[in-house]
Amino acid sequence: MSGFTPKAWPRKLRSQEWYGGTSRDVIYHRGWMKNQGYPHDLFDGRPVIGILNTWSDMTPCNGHLRELAEKVKAGVWEAGGFPMEVPVFSASENTFRPTAMMYRNLAALAIEETIRGQPMDGCVLLVGCDKTTPSLIMAAASVDLPSIVVTGGPMLNGYFRGERVGSGTHLWKFSEAVKAGEMTQEEFLEAEASMSRSSGTCNTMGTASTMASMAEALGMALSGNAAIPGVDSRRKVMAQLSGRRIVQMVKDDLKPSDIMTKEAFENAIRVNGAIGGSTNAVVHLLAMAGRCGIDLTLDDWDRCGREIPTIVNLMPSGEYLMEEFFYAGGLPVVIKMLSEAGKLHKDVLTVSGLTLWDEVKDVRNWNEDVIRPFDKALTQHGGIAVLRGNLAPKGCVLKPSAASEHLMKHRGRAVVFEDIDDYKAKINDENLDIDETCVMVMKNCGPRGYPGMAEVGNMGLPPKVLRKGITDMVRISDARMSGTAYGTVLLHTSPEAARGGPLAIVKNGDFIEIDVEARRVHLDISDEEMQRRLADWRPNVEPPASGYARMFHDHVEGADTGADFDFLKGCRGSAVGKDSH
Ligand code: FES
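The protein chain is annotated in an unreviewed UniProt entry as Dihydroxy-acid dehydratase from Allorhizobium taibaishanense. According to its UniProt record, the protein chain has this under Sequence similarities (unreviewed entry): "Belongs to the IlvD/Edd family."

Right, here's the structure in full:
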């Protein structure tokens, strides 16, 4: 069992440091709150719950969270708490430039202080789009007040001319089809209208669905939360139940540090393999673990994921979408199957106060084509593979379930793009010296190089290769890729090129070998040549003069440790400094 012992209730909560008593300072804090019409007895020591809402009109994936916040509030009221909705930094994956990833740490920093500096006893993390989920969990872990995750849920299935259309996945597919001359621009525009047909997050097993699943697998969300569609009435029920639950979590003092243990992270990594989850989960879980003071490494990713089959048949690895995953039983079915196979730590604690196993032991699989039995898995080796070698001494990652079997062991001539602009300038050039046997290499797209480590690692193929009917080539970069993308794509190469990692010194015409089974990536030049080129390398990224971009450049760590800021790791607790009034 988990060993968690609830604290005695009633007791004085931290919100009473602001609201309890008759001093001038308390009257200052409490009296101002009354301008919103709150009766005096709401400040009597009941749990004050901050509903941290990432709603924004400019984050369409989270555009419906105000409605859900009302349901969370209803649940908090019902359980005897005092809910307060707090708008927090929101970064949309599809809008924020240069990339939403550049703002994950800023969001985590701002939200950590938003929690700590205000009279909250517990938090509901109302999230959805890719970066909103990890940033709020990172913040909550660094403060360590009782917290529960409620995600907005995925969009309903898209359909175009009778075929399922998956968020992101079909954007890449249709765009390649246009380049290959198989689809007209007019058809592409027509398809656009079919891609996002309801409120919610990406409907594929992209990063948003992956991170919702990671929150549930970690035990930070109520069981079943991840897959309920954004517009399903049961999403509202989930929000209301979570509002009720956080009040009891505060009374029990059930904190993130009781839930997000090393075992919980190992569970999440294994679940990620089973769902064919996004490679972005690697950087986010490493960063989240860092906030919890847990030593999680890329080796843990490879070790825990290696023998995990991908059994969830969802795009981009498979055929279906989150709506069907929900109808099949959702993540609880996957957790049950992995637990019964002895792959998970069953006794870890969840926000419900029950163990992970207790939550799932009675669920059933309602569609064995969507959630496959182990012997009919999409791939037997679904976990994220971590490759190392002279080209990536600190590792790079590949998602086997989204890669091509025939390219898992490959040697090819490097075609090098110095950065994303160089790639864009050259890729459509019919005279580019490239064919399907080559290895596409892109530099300077890592955390410091881009900056922000954009999702550009799944470089589109050259049109002249696409016209041959080829759909995949080996690609290597220090970038990330969208969780909705696919291909034999090596990502997060560390150290990144902008820090002088070996990726920086690859030249056109070099040969590169990858062997996924052996977990090896190798630049076929002599050690002497490698050292000579590295000695000649000069930094080519100018630090920004000022502002957040400067802070990001100076403090962001490598992808191999989660790309968090060096000064934000660890838990700093909820204690706050002196009152200034
Ligand atoms: Fe926001 Fe996919 S872009 S969830």
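**Q** With reference to specific residues and values, describe the overall build of the protein chain.
**A** When helices and strands are counted, the protein chain shows 20 helices and 14 strands. Its C-alpha radius of gyration of 24 Å places the protein chain within 12% of the 25 Å reference for a compact globule of 581 residues. Taken along the three principal axes of its C-alpha coordinates, the protein chain extends 80 × 55 × 50 Å. Each of the 581 residues in the protein chain was classed as buried or not, and the buried ones make up 62%. By element, 50% of the accessible surface of the protein chain is carried by carbon and sulfur atoms, the whole surface being about 21,700 Å². For the protein chain, the centre of its 65 positive side-chain charges and the centre of its 75 negative side-chain charges are spaced 3 Å apart.

**Q** Talk me through the layout of surface pockets; I want residue IDs and the actual numbers.
**A** One way to see where empty space is left: roll a probe the size of a water molecule over the atoms. Estimates place the volume of the largest pocket at around 1,400 Å³. Breaking the lining of the largest pocket down by element, the ones donating at least two residues are helix H6 (169-179), helix H7 (185-195), helix H8 (207-218) and helix H17 (420-426). In terms of residue count, the dominant contributor to the lining of the largest pocket is H6 (5 residues). Taken as a whole, the second largest pocket spans an internal volume of roughly 420 Å³. Along the walls of the second largest pocket sit 20 residues, with Lys173, Glu176, Thr471, Asp472 and Tyr486 positioned nearest its centre. Partitioned by chemical class, the residues of the lining of the second largest pocket number 10 nonpolar, 6 polar and 4 charged.

**Q** If you had to explain the UniProt feature "domain: Dihydroxy-acid/6-phosphogluconate dehydratase C-terminal" (unreviewed entry) in the protein chain to someone new, which residues and values would you point to?
**A** UniProt records the feature "domain: Dihydroxy-acid/6-phosphogluconate dehydratase C-terminal" (unreviewed entry) for residues 369-563 in the present numbering. Regarding residues 369-563, the helix share stands at 15% and the strand share at 21%, and the terminal C-alpha atoms are separated by 37 Å.

**Q** Could you give me a rundown of helix H20 (residues 547-555), with the residues and numbers involved?
**A** Buried within H20 are the following residues: Tyr548, Phe552 and His553. The arc that holds every buried residue of H20, seen down its axis, measures 140°, which confines them to one face.

**Q** Tell me what's going on with the environment of Leu523, and back it up with residues and numbers.
**A** Mapped onto the secondary structure, Leu523 falls in strand S14 (residues 520-523). A residue is classified by how much of its surface remains accessible, and Leu523, at 0% relative accessible area, is buried. Taking the C-alpha atoms as reference points, Leu523 and Ala392, 131 residues apart in sequence, are found 9.2 Å from one another. The contacts of Leu523, once residues within four sequence positions are left out, are Asn390, Leu391, Ile505, Val506, Asp510, Phe511, Ile512 and Met530.

**Q** Hey, could you go over the sheet that holds strand S4 (residues 147-151) for me, with residue numbers and the actual values?
**A** Strand pairing in a sheet relies on backbone hydrogen bonds. The paired strands run either parallel or antiparallel. Across the sheet, which stays open at both edges, the 4 strands sit in the order S2-S1-S3-S4 with parallel pairing between neighbours. Looking along the sheet, the strands with just one partner apiece sit at the ends: strand S2 (82-87) and S4. When the angles between neighbouring strand axes are averaged without regard to direction, this sheet yields 20°. Here 5 bridges tie strand S3 (residues 122-127) to S4, and the two strands are oriented parallel to one another. The partner of Val124 across the bridge, within S4, is Ile148.

**Q** For the pairing of strand S11 (residues 474-477), give the residues involved together with the corresponding values.
**A** What you see with S11 is no split at all: Val474 and Ile476 on one side and Arg475 and Ser477 on the other are buried throughout. The sheet contact formed by strand S10 (residues 439-442) and S11 spans 4 bridges and is parallel. Residue pairing across strands places Val439 opposite Val474, the latter belonging to S11. Sheet analysis places S11 next to strand S12 (residues 489-490), joined by 2 bridges and oriented parallel. When the bridges of S12 are listed, Ile476 appears paired with Leu490.

**Q** Residues and numbers for H8, please.
**A** With 12 residues, H8 should reach 16 Å at 1.5 Å per residue; the first-to-last C-alpha distance of 16 Å fits that figure. For H8, the tally of buried residues reaches 12 of 12 residues, placing the bulk of the element in the interior. What H8 keeps buried is the set Thr207, Ala208, Ser209, Thr210, Met211, Ala212, Ser213, Met214, Ala215, Glu216, Ala217 and Leu218. Gly219 sits one or two positions beyond H8 and adopts a positive phi of about 95°.

**Q** Describe in detail the nonpolar core, supporting the description with residues and values.
**A** In this structure, Leu52, Leu285, Trp301, Phe325 and Val334 are the most contacted members of the largest nonpolar core, which totals 103 residues. Leu391, Leu503, Ile514 and Ile525 belong to the second-largest nonpolar core, a separate cluster that totals 29 residues.

**Q** If you had to explain the UniProt feature "domain: Dihydroxy-acid/6-phosphogluconate dehydratase N-terminal" (unreviewed entry) in the protein chain to someone new, which residues and values would you point to?
**A** The feature "domain: Dihydroxy-acid/6-phosphogluconate dehydratase N-terminal" (unreviewed entry), as annotated in UniProt, sits at residues 46-358 in this numbering. Taken end to end, residues 46-358 has its terminal C-alpha atoms 29 Å apart, with 48% of it in helix and 9% in strand.

Rules behind the numbers
- Residues numbered from 1 in each chain as written.
- Predicted model: local features only at pLDDT ≥ 70, side-chain atom pairs only at ≥ 80, totals over all residues.
- Heavy atoms only, no water.
- UniProt positions renumbered as here; feature names shortened; annotations may be inferred.
- Helix = DSSP H or I, 4+ residues; strand = E, 2+ residues; numbered from the N terminus.
- Rg over C-alpha atoms; globule rule 2.2 N^0.38 Å.
- Buried < 20%, exposed > 50% of the residue type's maximum accessible area, 1.4 Å probe, protein only.
- Areas by Shrake-Rupley, 256 points an atom, 1.4 Å probe, with all protein chains shown as cover.
- Lys, Arg positive; Asp, Glu negative; His and termini not counted.
- Charge placed at Lys NZ, Arg CZ, Asp CG, Glu CD.
- 1 Å grid on protein atoms, 1.4 Å probe; cavity = no way out; pocket = protein on both sides within 12 Å on 5 of 7 lines; lining within 4 Å.
- Points joined across faces, edges and corners; volume = space filled by probe spheres on them.
- Nonpolar A, V, L, I, M, F, W, Y, C, P; charged D, E, K, R; others polar.
- Arc of directions from axis to C-beta.
- Contact = heavy atoms within 4.5 Å.
- Pairing = 2+ DSSP bridges.
- Axes fitted to C-alpha atoms, helices over the stretch in contact; angles between N-to-C directions.
- Expected span 1.5 Å × (residues − 1).
- Core = buried A, V, L, I, M, F, W, Y, C linked by side-chain atoms within 4.5 Å.

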